[in-house]
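Analysis of the macromolecular model
Residue strings, one per chain:
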Amino acid sequence: MSLVIVGSLAFDTIQTPSERREKIVGGSGTYCSLAASFFTRPRIVGVVGEDFPKDVLALFKRKKIDVRGLEVRRGKTFHWEGHYGHDPNQRETIRTELNVFGDFRPKLPAPYRASDIVFLANIDPGLHNDILSQLKKPALVAMDTIKLWITTKPGVLWRALEKVDILFVNDEEVRLLTGETNLVKAAKKIQSAGPRLLVAKKGEHGAIVFGRDFVFGVLGRLCENVVDPTGAGDSFAGGFLGYLDKMGKLTRPNLRRAAVYGSVLASFAIEDFGVGRLKTLQPAEIEERFLEFRRLVAF
Ligand code: AMP
């Protein structure tokens with residue numbers, strides 16, 4: 001199979017209760033493709049400015065991420081600033097400077113057009129139709145979204161959902177999107193709009209996968225020291241979709257394991273600022289933690 005990820009590549013300024021980091025590399029597409037690279041050879045579509053570090057592009061290549069869909073444009077890379085308080089599940093967006101991302105019109109290179117899985121990672125839902133029309137016949141369309149699009153473009157977002165198979169959102173976004181506080185009712189509302197699967201992420205507590213006739217829950221790994229929660233959601237999606245892409249079939253056991261791998265990848269992403277931990281992560285560590293998850297819930 002093949003996975004194409006359309007998302008942001010960014011400089012993030014992050015403030016946690018104990019530290020501040022200025023302009024470190026981040027972005028939904030960055031986290032997601034690094035996480036997916038442990039399972040498959042993801043194809044990335046995005047845009048960066050000339051200021052984007054060359055060593056990160058080299059890292060992508062080392063990780064066998066296909067960067068033919070990455071545009072380098074004159075100007076500055078997208079910059080986002082987020083602050084966290086003592087609850088890692090809550091964050092405040094302080095600044096969003098779109099820069100070259102502002103007029104980004106994703107263009108899929110010809111070899112990407114036959115991709116089986118497409119992940120629309122946190123991009124303007126108004127771009128979805130154009131991206132989907134460039135693909136031949138993807139077997140699976142997945143998307144993630146954020147508060148910004150739910151509040152500013154709800155109509156466009158609901159229409160975009162009609163063409164989506166898997167939606168990844170956190171529980172706050174589920175409530176905001178549906179106006180429902182009950183997660184089961186909210187899941188039904190979302191599924192009636194299109195997606196057959198809703199992955200409701202619950203931050204440090206894990207995630208719940210709602211299928212049409214099954215539910216699966218995965219815990220978050222108990223972590224004593226969350227260094228930087230940024231990118232946890234994108235790493236979850238990268239692990240989840242990367243594993244599905246590797247396995248090739250959307251069976252229930254595969255979906256369950258995909259959710260565990262998603263949680264495993266997210267648990268590593270939060271151990272350091274930015275993509276620091278994903279850079280050093282080894283496949284054996286992923287397998288070890290996968291088994292740790294199994295022991296945690298076996299009874
Ligand atoms: P996550 O923590 O997984 O929800 O995603 C965090 C990433 O999303 C950060 O690295 C940001 O650069 C990126 N991000 C924040 N706002 C936007 C936006 N409006 N569009 C695209 N990416 C964004």
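Everything below is about the structure shown above.
Residues numbered from 1 in each chain as written. Predicted model: local features only at pLDDT ≥ 70, side-chain atom pairs only at ≥ 80, totals over all residues. Heavy atoms only, no water.

As for the packing of helix H8 (residues 232–247) against helix H9 (residues 252–269)
Axis separation between H8 and H9 bottoms out at 7 Å; the angle between their running directions is 140°. Here H8 is positioned oblique relative to H9, judged by the angle of their axes. In terms of crossing hand, the pair formed by H8 and H9 is right-handed. Contacts between H8 and H9 involve Ala232, Ser235, Phe236, Gly239, Phe240, Tyr243, Leu244 and Met247 from the first element and Asn254, Leu255, Arg257, Ala258, Ala259, Tyr261, Gly262, Ser263, Leu265, Ala266 and Ala269 from the second. Counted by class, the contact of H8 with H9 contains 13 nonpolar, five polar and one charged residues. (Axes fitted to C-alpha atoms, helices over the stretch in contact; angles between N-to-C directions. Helix = DSSP H or I, 4+ residues; strand = E, 2+ residues; numbered from the N terminus. Parallel < 35°, antiparallel > 145°, perpendicular 65-115°, else oblique. Left-handed = near helix turned anticlockwise from the far one by under 90°. Contact = heavy atoms within 4.5 Å. Nonpolar A, V, L, I, M, F, W, Y, C, P; charged D, E, K, R; others polar.)

Topic: the site of the ligand
Inspection of the region around the ligand gives 18 residues, with Ser8, Asp12, Gly27, Gly231 and Asp234 positioned closest. The separation between a nitrogen atom of the ligand and a polar main-chain atom of Asn122 is 3.5 Å. Between an oxygen atom of the ligand and a main-chain N or O atom of Gly233, the distance comes to 3.2 Å. In isolation the ligand has 510 Å² of accessible area, and contact with the protein removes 93% of it. Counting only elements with at least two residues in the shell around the ligand, the list comes to strand S2 (10–15), strand S6 (78–84) and H8. (Near = heavy atom within 4 Å. Polar contact = N/O pair within 3.5 Å; in protein donor to acceptor, adjacent residues only side chain to side chain. Areas by Shrake-Rupley, 256 points an atom, 1.4 Å probe, with all protein chains shown as cover.)

As for the side chain of Arg289
Along the chain, Arg289 falls in helix H11 (residues 283–297). Polar contacts involving the side chain of Arg289 include one to the side chain of Glu271, which spans 2.8 Å. Once residues within four sequence positions are removed from consideration, Arg289 is found in contact with Arg221, Val264, Ser267, Phe268 and Glu271.

A word on the environment of Arg95
Tracing the chain through its elements places Arg95 in strand S7 (residues 91–97). Given the relative accessible area of 32%, Arg95 is considered partly exposed. Every residue in contact with Arg95, bar those within four places of it in the chain, is listed here: His79, Trp80 and Glu81. Here Glu81 takes part through its side chain, which lies 2.5 Å from a polar atom of the side chain of Arg95. Polar contacts involving the side chain of Arg95 include one to the side chain of Glu97, which spans 3.1 Å. (Buried < 20%, exposed > 50% of the residue type's maximum accessible area, 1.4 Å probe, protein only.)

Some words on the nonpolar core
Phe119, Ile166, Phe168, Phe240 and Leu241 are the most contacted members of the largest nonpolar core, which has 60 residues in total. The element best represented in this core is H9, accounting for ten residues. Membership of the second largest hydrophobic core comes to 42 residues, among which are Ala10, Val47, Leu120 and Val227. (Core = buried A, V, L, I, M, F, W, Y, C linked by side-chain atoms within 4.5 Å.)

Here we look at the pattern of salt bridges
Following the criterion strictly, the structure yields 19 salt bridges and no others. A salt bridge links Glu172 to Lys147; its shortest N-O distance comes to 3.6 Å. Of this pair, Glu172 sits in helix H6 (residues 171–178) while Lys147 sits in helix H4 (residues 147–152), placing them 25 residues apart in sequence. Arg221 is the salt-bridge partner of Glu271, the closest N and O atoms lying 3.8 Å from each other. (Salt bridge = Lys/Arg side-chain N within 4 Å of Asp/Glu carboxyl O.)

Considerations on the sheet that holds S6
An order of S3-S2-S6-S7 is seen for the four strands of this open sheet, with the pairing classed as mixed. With one partner strand each, in any of the chains shown, strand S3 (20–26) and S7 form the two edges of the open sheet. Taking the axes of each pair of neighbouring strands and ignoring which way they run, one obtains an average angle of 20° across the sheet. Two strands pair when backbone bridges link them, and S6 and S7 are joined in this way by six bridges, in the antiparallel orientation. Its bridge partner being in S7, Tyr84 is matched across the sheet by Arg91. (Pairing = 2+ DSSP bridges.)

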